[in-house]
Amino acid sequence: MNDKIPTPPGRPTPLAGTPSLLRAINDRAALELLLAHGPLSRTQIGAMTGLSKPTASQLLARLESARLVEAVGTTAGGPGPSAQLYRVNPAAAYVAGLDVDTARVRVAVADITGTVLAEHTVPTRGRPATEAVPRTVAAVAETVRQAGLPADCLREIVIGVPGALDPVSGKLRYASHLPGWHSPRLLAELAEALGTTVSIENDVNLAAVAERSSGAAQGCDDFVLLWAAEGVGAAIVLAGRLHRGFTGGAGEIGYMTVPGAPVVHDVHRKNSGGFQELVGEEAVLALAAEHGLAAPTAEGAVGLALRTPGAGDLFLRTLAERLAVGLSVVVAVVDPELLVLSGRTPTAGGERLCRLVQEELAKISIPRPQVRCSTVPDSPVVHGALQRALAAAREAAFTTH
């Protein structure tokens, strides 16, 4: 899989090559421009690509014949005759993005333009491990049905999970808390059941893809995303690429030993570690209770703290100190330009918690990257999964017509 996180298209660079290669380059450039700026007229496409009117006309005829673009009306209101407008054909390909955790499976289906057609959530907590894959397949099928699409329409599916596939064995690591997802043939089983190409990616990595595509990390090539919810993890982006590590475990900072937390000597049994004991959901709930801020969830406790002067202020400051302790270790090793706080707990704290983390980090770390809150709404994991699936589907559709 190409780990390069897509950046917005720019003006294509002329390349020497055969006529067929040049046509393919021009076709791809036009499609990317239509995705970014469409609908566009022939004249506009010609001006943006540097192609002559006859060449732009031939290009559009090829793409229309391949059902990759379609006419969508004409320009109006300007001087001179109206011009035909074109857009990428939404039906050229469909994709799905999933977020799988211990409590639910979230699914979204989108067309090749990125327009989400349907979303569906299926609860899974307490269900038998043997139902994990079948329930996921059923959730995808139901979402496709709700989108009003044929059952076999999906070209690419990307699934975000709280773990990582070992690139050597193909088994899911760092996810013993996710029953039913540990078959050595997991990818093959999913692909066979779903009838299309399936990729599995760490959920926090996908959140980082979403942030760089349309969130707080747009335009940033070196950043770390901290995810804090039920579990704790990080995504590391270096030179615009996700860094997974040799076994896929880069960013599993829940296991990281940090000051103020007990050292766990059997991480495989507990599926936890030092930093998890400071800022995981159970730790945040315990900290809130110490300050008289009892709540059923960590994000609920943070929200209550924001509305409670005095005790709430002390709770938020302590939580920021804990987050900064773990982040200081990451910053000392990676030295990123930016830190993005994501996951239910930091998101609940918003800009106030973000500022407190920035202040506490400045006290204990020589590198002082900017700290920002996630700006991706709803589920960043689903959004990132769709971005990954769209990139693969477009690559296939745009280079094989």
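Check the entry above for the structure.
Since this is a predicted model, take the numbers as computed values, not measurements.

Comments concerning the sheet that holds strand E11 (residues 223-228)
Here comes step 1: Strand order in the open sheet formed by five strands is E13-E12-E11-E14-E15, with mixed pairing between adjacent strands. Unpaired on one side and paired on the other, strand E13 (241-242) and strand E15 (370-373) mark the two borders of the sheet.
Here comes step 2: As paired elements, E11 and strand E12 (residues 232-238) share six bridges and run antiparallel to each other. Its bridge partner being in E12, leucine 226 is matched across the sheet by alanine 234.
Here comes step 3: Contacts from helix H11 (residues 311-334) reach E11, E12 and strand E14 (338-342) within the one sheet, and its direction differs from that of E11 by about 155°.
Here comes step 4: Strands in contact with helix H12 (residues 344-364) are E11, E14 and E15; relative to E15, the strand with the most contacts, it is inclined by about 165°.

As for the nonpolar core
Here comes step 1: In this structure, Phe223 and Leu225 are the most contacted members of the largest nonpolar core, which totals 47 residues.
Here comes step 2: In terms of residues, this core owes the most to one element, helix H13 (residues 380-399), which gives nine residues.
Here comes step 3: When sequence neighbours within four positions are dropped, the list of residues in contact with leucine 225 reads Val204, Ala207, Ala208, Glu211, Gly233, Ala234, Ala235, Val340 and Ser342.

A closer look at the packing of helix H1 (residues 19-37) against helix H2 (residues 42-49)
Here comes step 1: Across the interface, H1 lies against H2 with an axial gap of 10 Å and an inter-helix angle of 115°. In terms of orientation, H1 lies roughly perpendicular with respect to H2. Where H1 crosses over H2, the handedness of that crossing is right-handed. Contacts between H1 and H2 pair Ala30, Leu33, Leu34 and His37 from the former with Ile45, Met48 and Thr49 from the latter.
Here comes step 2: By residue class, the composition of the contact of H1 with H2 is five nonpolar, two polar and no charged.

The rules behind each value
Residues numbered from 1 in each chain as written. Predicted model: local features only at pLDDT ≥ 70, side-chain atom pairs only at ≥ 80, totals over all residues. Heavy atoms only, no water. Pairing = 2+ DSSP bridges. Helix = DSSP H or I, 4+ residues; strand = E, 2+ residues; numbered from the N terminus. Contact = heavy atoms within 4.5 Å. Axes fitted to C-alpha atoms, helices over the stretch in contact; angles between N-to-C directions. Core = buried A, V, L, I, M, F, W, Y, C linked by side-chain atoms within 4.5 Å. Buried < 20%, exposed > 50% of the residue type's maximum accessible area, 1.4 Å probe, protein only. Parallel < 35°, antiparallel > 145°, perpendicular 65-115°, else oblique. Left-handed = near helix turned anticlockwise from the far one by under 90°. Nonpolar A, V, L, I, M, F, W, Y, C, P; charged D, E, K, R; others polar.

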